[in-house]
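Breakdown of the fold
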Amino acid sequence: MKLVNPANKRRHTLIVVGSGLAGASAAATLGELGYHVSCFCFQDSPRRAHSIAAQGGINAAKNYQNDGDSVYRLFYDTVKGGDFRAREANVYRLAQISVNIIDQCVAQGVPFAREYGGTLANRSFGGAQVSRTFYARGQTGQQLLLGAYQALERQVQAGTVTMYPRTEMLDLIVIDGRARGIVTRNLVTGEVDTHLGDAVILGTGGYGNVFYLSTNAKGSNVTAIWRAHKRGALFANPCYTQIHPTCIPVSGDYQSKLTLMSESLRNDGRIWVPMKKGDKRTPDQIPETDRDYYLERRYPSFGNLVPRDVASRNAKYVCDEGRGVGETGLGVYLDFGDAIRRLGRKAIEERYGNLFDMYQRITDEDPYTVPMRIYPAIHYTMGGLWVDYHLMSTIPGLFVIGEANFSDHGANRLGASALMQGLSDGYFIVPYTVGDYLATNKLDKVAETHSEIRNAVACVQQTVQKLLGINGKRTVDSFHRELGKIVWEYCGMSRNAQGLETAIEEIRSLREEYWQNVKVPGSGDDFNQSLEKAGRVADFFELAELMCVDALERNESCGGHFREEYQTADGEAQRDDEEFSYVAAWGYRGYGNREDLSKEPLEFQYVHPSQRSYK
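1. Brief notes about a nonpolar patch on the surface
A cluster of nonpolar side chains, Met1, Leu3 and Tyr432, forms an exposed patch at the surface whose accessible area comes to about 390 Å². Within the secondary structure, Met1 sits in the segment before α1 (6–9). The exposure class of Met1 is exposed, given its relative accessible area of 51%.

Encoded structure:
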């Protein structure tokens, strides 16, 4: 790494888009180093970032339990958990840095749970046979975000970071092949503006809301990285989306989002369904002999702590067999009866009290006395903009961190690794690699009258006016809901070639109708949430098609990408390492055109790819 000396750092302006865990930690660290940082947040405060929704914990290879953990084991578990579709070097670096993250957060005052003697506590998570997950009750993401937020606000007070709340990035400014700024819209006044800098860092989260119903915050969207994609940044592995097995089941067509119950609950909760199809007895009337603890039966080594893709698929299998619970039959039980009898109610309250309270508020059922009902739902996206080892995209000067990039999780993310990646990228990686980029490249000052800046602004304004001018008869939400059903049906928990081809046709047809019949009331000159959503849904249409194209291209099953044609005799994902051991990186070729596929071969020097087994 080349370095920028402290005096020269003050001469550089960096743009950070997003202020969740990845964005806030990056902006705070870069400000602390002396750079001038402009940080953009589409909420009113960084504290409202979706990072607060991460409940269960953050992984780190500290081996505090003395149960055999190590940096190598965390690296191995992550590569294996991602079904051998991640880049080894990035994952090993993540495992190394995990140790530093915990020290950083403890120093910030993050209130991690502690053992009786005062040492930091750990619990287990899916895909691992050791306890390496640090947690703050059931609100780990919120507490980590508050730590990063305090560091960020310290830099705001010091004058190194300037915050732009309620401001959305709508385009990337690329000059002489380099990312030099962004075009934004003030979500309160409607004003379109430009911001210039020496590098742009995107920490804008994932695109799970393409499915409409997901565990993501309603504001989460793909717009920032998709607009960068349309400016030349390759988009990697878009079909790799994660289904989380522990979500409160859908209760009706009126729902706008889904609620996640933390994976940490699988430490003490046992998952089961009735043995017999159509058994509609209440759970207390079903004796042990009539219960199928199917994860414990099929995966004795890992039991209820198999990785998320495995747990989700098995829940789907038993529900497809007609053994699902609840009114819709799309649910399984997560039962704490044994744990309460073994440990006592007080111990369970201490571990999961706020999660149990949340479940009861939503369902009006008491999980201390009756089992929770859960079902898989869209949660996380492993795909994102392609980045190199320095987290730089194919556009020089454009860095991508956290869930917005593709880099660390392969085809399936292990639980408690999202917080780990966001903080490692923001606190420990991008501050080095951005400095190397600035020290290596001579960046001339950009005039605000540059033609590329005018063109980018014109593109944004043209899109805004086009959406406002359609004046059709359908709401943005009605289109988004229909799109989500298509993607969930054909590119969700399982996929097949015929379904994906059908989805592509239906998405294209619905997208054409969208541009002719969507109704966006109001104007672009003030606060207009319908306009915000309309631009985001337009991007979701294009992304949804690419997801299906990518899934159709990948003729194998791996992790969360489960092609029904490619499975083992007992229903497990069947990879094809000869043909598909690569990162699929797609290049934009204009509206309506098929994108170009580039392939980055994945080479494994330290972990030999094998058929994944959690039995």
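Anyway, onward from the coordinates.
2. Re the side chain of Arg474
Position of Arg474 relative to the elements: it lies in the loop between α12 (451–470) and α13 (476–491). Among the polar contacts listed, one links the side chain of Arg474 to the side chain of Glu513, at a separation of 3.2 Å. Here Arg474 is in contact with Phe479, Glu482, Leu510, Glu513, Asn517, Val518 and Lys519, once residues within four sequence places are set aside.

3. Quick word on the pattern of salt bridges
For the structure on display, the rule yields 49 salt bridges. Close ionic contact of Lys62 with Asp103 constitutes a salt bridge, the shortest N to O distance being 2.9 Å. Of this pair, Lys62 sits in the loop between β3 (58–59) and α3 (71–81) while Asp103 sits in helix α4 (residues 88–108); the two residues are 41 residues apart in sequence, bridging distant segments of the chain. The class of Asp103 is partly exposed, set by a relative accessible area of 41%. Between Glu600 and Arg87 there is a salt bridge, and its shortest N-O distance comes to 2.9 Å. Note that Glu600 is positioned in strand β19 (residues 596–601) and Arg87 in the loop between α3 and α4, a separation of 513 residues in sequence. Put simply, Asp83, Arg85, Asp309, Arg313, Arg554, Glu556, Arg575, Asp577 and Arg612 are held in one network by salt bridges that share partners.

4. Describing the sheet that holds strand β9 (residues 199–202)
Spatially, five strands are ordered β5-β2-β1-β9-β17 in an open sheet, and the strand pairing comes out parallel. A single partner strand is all that each edge strand has here, and the edge strands are β5 (161–165) and β17 (398–400). The mean inter-strand angle of the sheet, taken between neighbouring strand axes irrespective of direction, is 20°. Note: strand β1 (residues 13–17) against strand β2 (residues 36–41), five bridges, orientation parallel.

5. Some points on the nonpolar core
Ranked by size, the top nonpolar core spans 166 residues in total, and within it Ile58, Leu172, Leu202, Leu398 and Tyr514 carry the most contacts. Of all the elements, helix α15 (residues 529–553) adds the most residues to this core, at 13 residues. Lining this core are residues from two domains, each supplying at least three of them: domain 1 (244–377) and domain 2 (453–587). Setting aside residues no more than four positions away along its own chain, Ile58 makes contact with Ile101, Ile102, Phe112, Arg132, Thr133, Phe134, Thr140, Leu144, Ala416, Leu419, Met420 and Leu423. Residues Val183, Val446, Ala456 and Val460 belong to the second largest nonpolar core, which totals nine residues.

6. Looking at the domain arrangement of the protein chain
The domain architecture assigned to the protein chain consists of domain 1 (244–377) and domain 2 (453–587). Relative to domain 2, the C-alpha centre of domain 1 lies at a distance of 30 Å. Between domain 1 and domain 2, the contact holds twelve residues from the first and twelve residues from the second. The junction of domain 1 with domain 2 conceals about 900 Å² of combined surface from both sides, 48% of it contributed by carbon and sulfur atoms. For the pair domain 1 and domain 2, the number of links is one salt bridge. The salt bridge involving Arg298 is made with Glu572; its shortest N-O contact spans 3.4 Å. Counting every contact that joins domain 1 to domain 2 gives seven residue pairs in polar contact (both at pLDDT 80 or more). Those elements that place two or more of their residues in the side of domain 1 that touches domain 2 are α8 (308–320) and β15 (372–381). Considering each element in turn, the side of domain 1 that touches domain 2 owes the most residues, five residues, to α8.

Analysis parameters
The residue numbering used here restarts from 1 in each chain and proceeds along that chain's sequence as written. Local features are withheld for residues below a pLDDT of 70 in this predicted model, meaning they are given only at 70 or higher, and side-chain atom pairs are given and counted only at 80 or more; totals for whole chains, interfaces and linings count all residues. The side-chain values count all of the structure's non-hydrogen atoms but skip hydrogen atoms and water molecules. Patches draw on residues past 30% relative accessible area with no salt bridge. Two like charges within 9 Å are joined, as are two nonpolar side chains (Val, Leu, Ile, Met, Phe, Trp, Tyr) within 5 Å. Each accessible area value is a Shrake-Rupley result obtained with a 1.4 Å probe; residue values ignore everything except the protein chains displayed when judging cover. Salt bridges are defined as contacts in which a side-chain nitrogen from Lys or Arg sits within 4 Å of a carboxyl oxygen from Asp or Glu. Runs of E in the DSSP output that reach at least two residues are strands. Runs of H or I that reach at least four are helices, and both are numbered from the N terminus. For the exposure calls, accessible area comes from a 1.4 Å probe over protein chains only, and a residue counts as buried if that area is under 20% of its type's maximum, exposed if over 50%, partly exposed in between. Here a polar contact is taken to be a pair of N or O atoms separated by no more than 3.5 Å, where protein atoms must pair a possible hydrogen donor with a possible acceptor and residues adjacent in sequence count only if both atoms sit in side chains. Any two residues whose heavy atoms approach within 4.5 Å are treated as being in contact. Strands qualify as paired when DSSP identifies two bridges or more between them. Orientation is described by axes fitted as lines to C-alpha atoms, over the contacting stretch for helices, and by angles from 0 to 180 degrees between their N-to-C directions. Throughout this description, the term nonpolar core refers to a set of buried Ala, Val, Leu, Ile, Met, Phe, Trp, Tyr and Cys residues connected via side-chain atoms within 4.5 Å. Domain limits in this description derive from either an automatic procedure or a database domain assignment. When two parts are brought into contact, each loses some accessible area as probed by a 1.4 Å sphere; the total of that loss over both is the buried area.

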